[in-house]
Amino acid sequence: MQLRQRAVFLQLAGSLAAALAVLLTGCVQAVRPGDEAYTRKGDEIMVCGRLFHTGAPVVLWTDPGGYDAYRTEKRFAPWDKAAFAVDPKADGPASPNRYGLRSAASLPPDVLARVRGGGWDLPTLRSLVNQFVIHYDVCGTSRQCFRVLHDIRGLSVHFMLDLDGTIYQTLDLKERAWHGGTANDRSIGIEIANIGAYAAASARPGELPAPLGQWYAPDPASPSGWRVTLPQWMGDGGLRTPEFIARPRRGPVTGAVHGTSYVMFDLTPQQFESLTKLTAALGAIFPGMPLDCPRGSDGAPRSTALSTAELAEFRGVLGHLHVTGGKIDPGPAFDWDGLLAEARRLQPSATAGA
């Protein structure tokens, strides 16, 4: 009897082990943007020292080939000239400070004391962050973007998105990056490699506004009929995949921002795919950030800046144009509805407009 009971027990144990294996396998296959990761695989972003999947290629500032906004020397200057000079006539900013502490003026004293010591936790950060600000970089590639932000302007951004779809994270999201003015305390920022939008009126009939004519060339192999042409001085542009041919999804696209007509080329398909996955991940990690953008009375994505009161109330995904009236990015070619619909599909637990 004991032998029989033992056999039944072993059979049940085996069945449970098999069921658990199937369950675990299913969980691995069902990983979604925003799920926490416990080992580095190459698609994770870092939030309060914790890793979260995106499903897109991610290079952290700690990875080979990454861009580290924590470093205090100029990234692309010769080493003997990389230190920040006190001389106000020196090229670039005179201080290595490029980021700061989120909401330092409004945090309770005990919370401020804790986070100043490195004690940011995800619940505290979630209570502050509820906006994702999208920029185009007007630099063309992420390497050039980091050089301009880091070495010349003394600014920072959490993410850069290169032409080939590689996402570079330069800072933990707990940091207050300097990218969006009054939105910095509450927001996460991304700079997308794209040369930008230019006034339609500045071009001659049948021509592209400068510098679009230097950055894009006809390409019969491209669905849009165009390809990106990097200036010769850029070499391979620092792309992680130097052989990559960047082809915009659409272009040229003409549309109004702040009531003025601009011309712009869309993102590459690789950029759009990575951005949707990152947006979905952020929507899952930060429940207070709905996957929706500012909209007009007709329900269409808004192409004008929010008022101070509107910006204070807004929670979700927005462009630099919504934060600052003098900004155009991410421009008229940006596919707001396509981005948000796909991000919601990838992250069903995230809600729009809530």
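Just so it is clear, the model here is predicted, and its values are computed rather than measured.

So, on to the confidence of the model for the protein. Chain-level pLDDT for the protein is 88 on average; 87% of the residues reach the 70-or-more range. Note that pLDDT drops below 50 for residues 1-28; the model gives that stretch zero contacts with residues more than four away or on any other chain.

Once that is clear, we can look at the sheet that holds strand 1 (residues 36-37). The strand order 1-3-2 describes an open sheet built from three strands, whose pairing is antiparallel. The open sheet has two edge strands, strand 1 and strand 2 (44-47), and neither has a second partner. Of the pairings in the sheet, the one linking strand 1 to strand 3 (residues 50-53) comprises two bridges and is antiparallel in character. In the sheet register, A37 faces strand 3, and the bridge partner there is L51. The strands touched by helix 6 (residues 269-285) are strand 2 and strand 3; relative to strand 2, the strand with the most contacts, the crossing angle is about 35°.

Moving on, we come to the side chain of T276. When you line up the elements, T276 lands in helix 6. For T276, a relative accessible area of 2% translates into the label buried. Among the polar contacts listed, one links the side chain of T276 to the backbone oxygen of E273, at a separation of 2.7 Å. Excluding its chain neighbours within four sequence positions, the residues that come into contact with T276 are L339, E342, A343 and L346.

Attention now goes to the sheet that holds strand 8 (residues 167-169). Ordered in space as 4-8-7-10-6-16, the six strands form an open sheet in which the pairing is mixed. Every other strand in the sheet has two partners, leaving strand 4 (58-60) and strand 16 (316-319) as the edge strands with one partner each. Adjacent strand axes in the sheet meet at a mean angle of 25° when their direction is disregarded. Across three bridges, the pairing between strand 7 (residues 159-161) and strand 8 is antiparallel. Across the sheet, the residue bridging to F159 is Q169, located in strand 8. Each of strand 7, strand 8 and strand 10 (187-192) touches helix 4 (residues 142-153); the most contacted strand, strand 7, lies at about 145° to it.

Thresholds applied
- Residues numbered from 1 in each chain as written.
- Predicted model: local features only at pLDDT ≥ 70, side-chain atom pairs only at ≥ 80, totals over all residues.
- Heavy atoms only, no water.
- pLDDT = per-residue confidence, 0-100.
- Contact = heavy atoms within 4.5 Å.
- Pairing = 2+ DSSP bridges.
- Helix = DSSP H or I, 4+ residues; strand = E, 2+ residues; numbered from the N terminus.
- Axes fitted to C-alpha atoms, helices over the stretch in contact; angles between N-to-C directions.
- Buried < 20%, exposed > 50% of the residue type's maximum accessible area, 1.4 Å probe, protein only.
- Polar contact = N/O pair within 3.5 Å; in protein donor to acceptor, adjacent residues only side chain to side chain.

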